[in-house]
Structure formats: C-alpha cells, structure tokens
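Read off the chains here:
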Amino acid sequence: MATPAPVHPVDEVPPIRQLAAFGLQHVLAMYAGAVAVPLIVGGAMGLPPADLAYLITADLLVCGIATLIQCVGVWRFGVRLPIMQGCTFAAVSPMVLIGTEGGGLPAIYGSVIVAGLAIMLLAPVFGRLLRFFPPLVTGTVILIIGVSLLPVAGNWAAGGVGAEDFGEPENLALAAFVLLVVLGVQRFAPVFLSRIAVLVGIGVGLAVAVPFGFTDFSGVGDADWLGISTPFHFGAPTFHVSAIVSMLVVALVTMTETTGDLIAVGEMTDRKIEPRSLADGLRADGFSTVLGGLFNTFPYTAYAQNVGLVGMTRIRSRWVVATAGGILVLLGLLPKLGAVVAAIPAPVLGGAGLVMFGTVAASGLRTLARVDFRGNNNLTVVAVSVAVGMLPVGVPTVYDKFPEWFQTVMDSGISAGCLTAIVLNLLFNHLPARAGSTTEAGGLASGGGEKAVEEPREEVV
C-alpha cells in the first residue's frame, strides 16, 4: 500500500476542543484592535451610541468573513495561511477627515469600495514584486512590525489610551501578573496548556480583575441578543474624488503592510510565500475591503498581533484561525457576546500583548540571522530602515507639517520601514557597485552584496 503524503502543519485540523480554545485565543488577541477603528471614527464624527454599537457589530461580522476567506480560500482569493483580518489603522485619519468634512459615512464607504477594487486589480502586480523581499528585507520588516506594536501593548498595560487611571501602579501590576502567568504556563504546563498560554493568562487575569473592580459589565445588559448588519445601513455610498484619492494611498500602504505580514507568517509556518499566493492574499484583502464598504465598515488587512501569536504558540494550522473567524461572525451576530469580550480590561490584554508582539520582533531577528553582514552594506540597510520605521512610533507628531498623503504613508512605521528597506536593498545590493569600492567588516561602507542577501550564511561561506 502506498504511504499517504504527510499533511503540512498549516493544513492540519486539530480536534474540535483544541480548535475552539486556540481560535478564541486569536480572537482575544485582536479584539481590542478590531473594535478600536469603528470607535475612533464614529467617536470623531459624534455618532450616537446606537450607531457606534452598529459599527462595531458590523466590523466584527466582516472581520470574521474576511478571516475565513483568507484562511480557507475561495478560488484565487485567500493566501490559505493562519492570518487574522481586521480594520487597518492606516485608514483612520483619512476616514475621520472624510467623515467630518467630506461627506460623512456614505463618502467613506464609497472611497472604501473603490480602494478595495483597486487592491484586487493591483494584487498580481504586487505578487511579481516578491523578488524584492529577500531575507534582508523581510527580516527587517518583521522586526519593525514587532517593535512598532510594543507601544500598543504598553498603552494597554497602563490602562488604555484615554483612561482616567492611565499609568496607575495597579494597572501595571495586573499586566505584569498576566505576563508572569503566560510565561509560567508556557514553561511549566503540559503541552496543550502551553499552547494556549495567552488564553490562560487572559482568563486568570480576568478572574483576578473582577474582584478588584477592573471590569465593567454594564454594557452587557444594554447590548442586544441579535444584531444583523444590512448593506447601506447609513445610506447609499457617494463617490468624491478627494476621498477616493486619499483612500487609494491607504490601499497602497495596507498592501505593503499585508505583504510583510504574509511573508512573516510564511516564515513562521515553513510555507514560503510565492508570487501567486501573495497575490491571492492581497486579492482577498481587496474583496474584504469591498465587503466592508457594502456592510457599513472599513478597509481590511492582516493583523500583525496574531502573527506574533502564531510564532509564540507554534500552532500553524490555518483552520485554527478559520475557527477564530467563525467566532468573530458569531460575535457580530450576537452583540451581547461581543460586549462580554469587550469587558476584558486593557491591562490584561497588555500583559499578553507584550509576549506576542515581542515574539514578532524576535522572529524578525531569526530571519536576519540568515543574512550575511560581512563585507557588505546589509547592516546599514537594517539600521536605517529600523530607524525610519521607529520614527513615527517614538515621535507620533513628527510628520504633522507634511501633506496628508505623505502622513498617510509615513505615519505607519511598518510601511515607512518597509519602503525604506526595499529602496536601500535596491540601492546597495542591486545597483552596480563602484569600481574599486571597499567595505569594512561591519558593513558600514559601500559596495554590493546581493548574493549575500539572497543566500543563507552557510551557503555564502
């Protein structure tokens, strides 16, 4: 009898009880970020609480559908990797501007639909650009993704941006407690529990937070049991040229960020991203963004915080994340369940986030370990790219005096660092070297080094 071909870990289907636990862990890791975008945009527009709640349930519903498309795949839509989808923060500022000054929610949704169609059309073009993402670039981008997310975890640990008790020692103590629980479970617990260390940490943290008054479940009683998002709830979309142009810039930024996230997950799961699979993943992003415009929500992209969870837990099955997508659909249809998840205090999420986001950065370092840094300029590429990527993270107002399109691109540390890494790699490793150029061992002088970038260190030696 012929031996059946081994199943790749990405395609394995764990038992149902593990699927549920692992999937819920992914939902908790991204929930705060998922609901933040509709809260920020709706709050800036002064929407009443009922409309804000509608935006959140619509967002969760489409988040789930987008995740299912990305993980399961339908024809040429979906990368078929463990990728969670959520609203992109790169679109927040343009959407607030469009919503408050340029036509309200209908104008936002019109520009979102056009941007989604543009992403679908441009997906094959981006797929062919994959050769410009050698380990030097991908490792740098993954490192920037992880480091740029750490301030998010820090804000959660301190109590959440805008909280009255922001930075109180009790908040940081709760976050530290959750962090210790996650580390303890991962180190000493049985294998199954160690793989859901984040979920256990959040559960234990929530149990401790309740008697100490960290939680507020008042919103659970006010939430409806059933809520269904219908197309064009806020009116038919309108199409304004200025709004469309700004959203097209956002589309390019999100495509760049998604490319970095997909490559990162490909590295973690040992399923290398190819031009076709990259195009399929970006095409799914575009389709989900069109759905967002139709169902009263916003542009979608891969969520980097869940990339960190994949690396930390080493659970590579795409069906785990597909289960998380199903849970998000339920949360979008059952607002009361969503309100329960929303009651988890920010410090609890912060303690878990420190581990997850740090894991992303460490994965970037692991990829960079395959790059040869001797006798070339690769160290310069990494140094400058990380510096440019961290600039808007450390100094959020650094580009406030620049045009809006420039801010849209450069205010995202991920897109700024990614573009810098691509350009510098082309400059130092693809353009012809100067005749007679010399380099120092640290890689801070001039000269080419494409071969060293493309091949692992052992092959170069």
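Sequence order as written defines the numbering, with residues in each chain counted from 1. Given that this is a predicted model, residues contribute local features only at a pLDDT of at least 70 and side-chain atom pairs are listed and counted only at 80 or more, while totals for whole chains, interfaces and linings are drawn from all residues. Calculated side-chain values reflect all of the structure's heavy atoms, with hydrogen atoms and water omitted.

Looking at this structure, I do not really get the overall build of the chain. What am I missing?
Numbering of helices and strands starts at the N terminus; helices are DSSP runs of H or I of at least 4 residues and strands are runs of E of at least 2. Of the regular secondary structure elements, the chain holds 20 helices and 2 strands. Each residue is assigned to one of three classes by its accessible area relative to the maximum for its type, calculated with a 1.4 Å probe on protein chains only: buried under 20%, partly exposed between the two thresholds, exposed over 50%. The proportion of buried residues among the 461 residues of the chain is 56%. Each accessible area value is a Shrake-Rupley result obtained with a 1.4 Å probe; residue values ignore everything except the protein chains displayed when judging cover. Carbon and sulfur atoms make up 68% of the accessible area of the chain, which amounts to about 19,200 Å² in all.

What is the right way to look at the packing of aromatic side chains in this model?
Centre-to-centre distance and the angle between the planes together describe a pair of aromatic rings. Aromatic pairs are defined between Phe, Tyr and Trp rings, using the six-membered ring for Trp, whenever the two ring centres lie within 6.5 Å; interplanar angles under 30 degrees are classed as stacked, those over 60 as edge-to-face, and all others as tilted. Evaluated as defined, the whole model comprises 7 aromatic pairs. Measuring from ring centre to ring centre gives 6.1 Å for Tyr 109 and Phe 298, while their planes differ by 25 degrees; the resulting arrangement is stacked. With Tyr 109 in helix α4 (residues 104–128) and Phe 298 in the loop between α11 (275–294) and β2 (300–302), the pair connects residues that are 189 residues apart, well separated along the chain. For Phe 298, a relative accessible area of 1% corresponds to the buried category. An aromatic cluster is built from Trp 75, Phe 77 and Phe 287, whose rings are joined through pairwise contacts.

Is there a simple way to explain unusual backbone geometry in this structure?
With glycine set apart, most residues show a phi of negative sign, and most peptide bonds adopt trans. Positive phi, normally seen in glycine, also occurs at Arg 80, with a value near 60 degrees. Along the chain, Arg 80 turns up in the loop between α2 (49–72) and β1 (85–87). Although it is not a glycine, Asp 270 sits at a positive phi angle of roughly 60 degrees. Tracing the chain through its elements places Asp 270 in the loop between α10 (241–269) and α11.

Hey, could you run me through the confidence of the model for the chain in this one?
Any region with low pLDDT has predicted coordinates that should not be read closely. Taken as a whole, the chain shows an average pLDDT of 80; of its residues, 88% reach a score of 70 or greater. Values of pLDDT, the confidence the predictor places in each residue, fall between 0 and 100. In this description, contact between two residues means that some pair of their heavy atoms is separated by no more than 4.5 Å. Across residues 438–461 the pLDDT falls below 50, and counting only partners more than four positions away or on other chains, this stretch makes 69 contacts in the model.

Honestly, a negative patch on the surface in this entry has me stumped. Any pointers?
Surface patches are defined over residues having more than 30% relative accessible area and no salt bridge, joining like charges when they lie within 9 Å and nonpolar side chains (Val, Leu, Ile, Met, Phe, Trp, Tyr) when within 5 Å. Counted as salt bridges are all cases of a side-chain nitrogen of Lys or Arg within 4 Å of a carboxyl oxygen of Asp or Glu. Only four residue types enter the tally: Lys and Arg on the positive side, Asp and Glu on the negative side, with His and both chain ends excluded. Where a charge sits is defined by one atom per residue type, namely NZ (Lys), CZ (Arg), CG (Asp) or CD (Glu). A contiguous patch of negative charge, built from Glu 164, Asp 165, Glu 168 and Glu 170, is present on the exposed surface. Its location among the elements puts Asp 165 in the loop between α5 (135–157) and α6 (169–188).

Teacher, can you tell me more about the packing of α10 against helix α18 (residues 413–429) here?
Packing of α10 against α18 leaves a shortest axis separation of 9 Å and a crossing angle of 75 degrees. Taken together, the axes of α10 and α18 are roughly perpendicular relative to one another. For the pair α10 and α18, the contacting residues are Val 253, Thr 256 and Glu 257 in the first and Ile 414, Ser 415 and Cys 418 in the second. What counts as an axis is a line fitted to C-alpha atoms, over the stretch in contact for a helix, and the angles between N-to-C directions run from 0 to 180 degrees. Should an angle lie under 35 degrees it is considered roughly parallel, over 145 roughly antiparallel, and from 65 to 115 roughly perpendicular; all remaining angles are considered oblique.

Is there a simple way to think about the pattern of salt bridges in this case?
Pairing between side chains of opposite charge can happen when their charged atoms approach one another. Following the criterion strictly, the structure yields 7 salt bridges and no others. Its salt-bridge partner being Arg 318, residue Asp 11 comes within 2.8 Å of it at the nearest N-O pair. Highlighted residues: Asp 11 in the segment before α1 (16–44) and Arg 318 in helix α13 (residues 318–333), separated in sequence by 307 residues. Under the relative-accessibility criterion, Asp 11 is labelled partly exposed at 25%.

Would you explain the nonpolar core in this entry?
Generally speaking, a soluble globular protein has its nonpolar side chains buried in company with each other. Put simply, a nonpolar core is a bunch of buried Ala, Val, Leu, Ile, Met, Phe, Trp, Tyr and Cys residues held in one set by side-chain atoms that sit within 4.5 Å of each other. With 116 residues, the main nonpolar core has Ile 108 and Phe 298 as its most contacted residues. With 10 residues, the next largest nonpolar core counts Phe 373, Val 381, Val 382 and Leu 424 among its residues.

What's the story with the environment of His 430 in this structure? I'm lost.
On the secondary structure map, His 430 appears in the loop between α18 and α19 (450–454). For the pair His 430 and Phe 132, spaced 298 residues apart in sequence, the C-alpha to C-alpha distance is 9.6 Å.

Even after reading the chapter, I still don't get the side chain of Thr 254, so can you show me in this structure?
Assignment of secondary structure puts Thr 254 in helix α10. Thr 254 gets classed as buried once you look at its relative accessible area, which sits at 3%. We call two N or O atoms a polar contact when they sit within 3.5 Å, provided that within protein one can donate a hydrogen and the other can accept it, with sequence-adjacent residues counted only if both atoms are side-chain atoms. A polar contact is formed between the side chain of Thr 254 and the backbone oxygen of Ala 251, at a distance of 2.9 Å. Ignoring anything within four residues of it in the chain, the contact list for Thr 254 reads Thr 88, Ala 90, Ile 119 and Thr 301.

Looking at this structure, how should I read the packing of α10 against α11?
Between α10 and α11, whose axes approach to 10 Å, the crossing angle comes to 130 degrees. Looking at the two axes, α10 sits oblique to α11. Here α10 and α11 pass one another in a crossing that is right-handed. Together, Met 255, Thr 258, Thr 259 and Leu 262 of α10 and Leu 278, Gly 281, Leu 282 and Asp 285 of α11 make up the contact between the two elements. Rotating anticlockwise by less than a right angle from the far helix to the near helix defines a left-handed crossing, while the corresponding clockwise rotation defines a right-handed one.

Just checking my understanding: could you explain α4 for this structure?
Because an α-helix packs 3.6 residues into every turn, residues spaced three or four apart end up facing the same way. What a helix should span is 1.5 Å times the count of its residues minus one. For α4, with 25 residues, the first-to-last C-alpha span of 37 Å sits near the 36 Å given by 1.5 Å per residue. In this analysis the local bend is the angle between axes fitted, respectively, to the seven residues ending at and the seven residues starting at the residue. The axis of α4 is deflected most strongly, by about 45 degrees, at Leu 122, and proline Pro 124 appears within four residues downstream.

Hey, could you run me through the environment of Trp 319 in this one?
Take Trp 319: it is sitting in helix α13. On the basis of relative accessibility, which here comes to 27%, the residue Trp 319 falls in the partly exposed class. Leaving out residues up to four positions away in the same chain, Trp 319 has contacts with Val 10, Asp 11, Glu 12, Val 13, Leu 19 and Val 72.

When you look at helix α12 (residues 304–313) in this model, what are you seeing that I'm missing?
The buried fraction of α12 is high, at 9 of 10 residues. Along α12, the residues classified as buried are Ala 304, Gln 305, Asn 306, Val 307, Gly 308, Leu 309, Val 310, Met 312 and Thr 313. At the C-terminal side of α12, Arg 314 shows a positive phi close to 60 degrees.

I keep staring at the side chain of Asp 59 and nothing clicks. Help me out?
If you trace the backbone, Asp 59 turns up in helix α2. With a relative accessible area of 0%, Asp 59 lands in the buried category.

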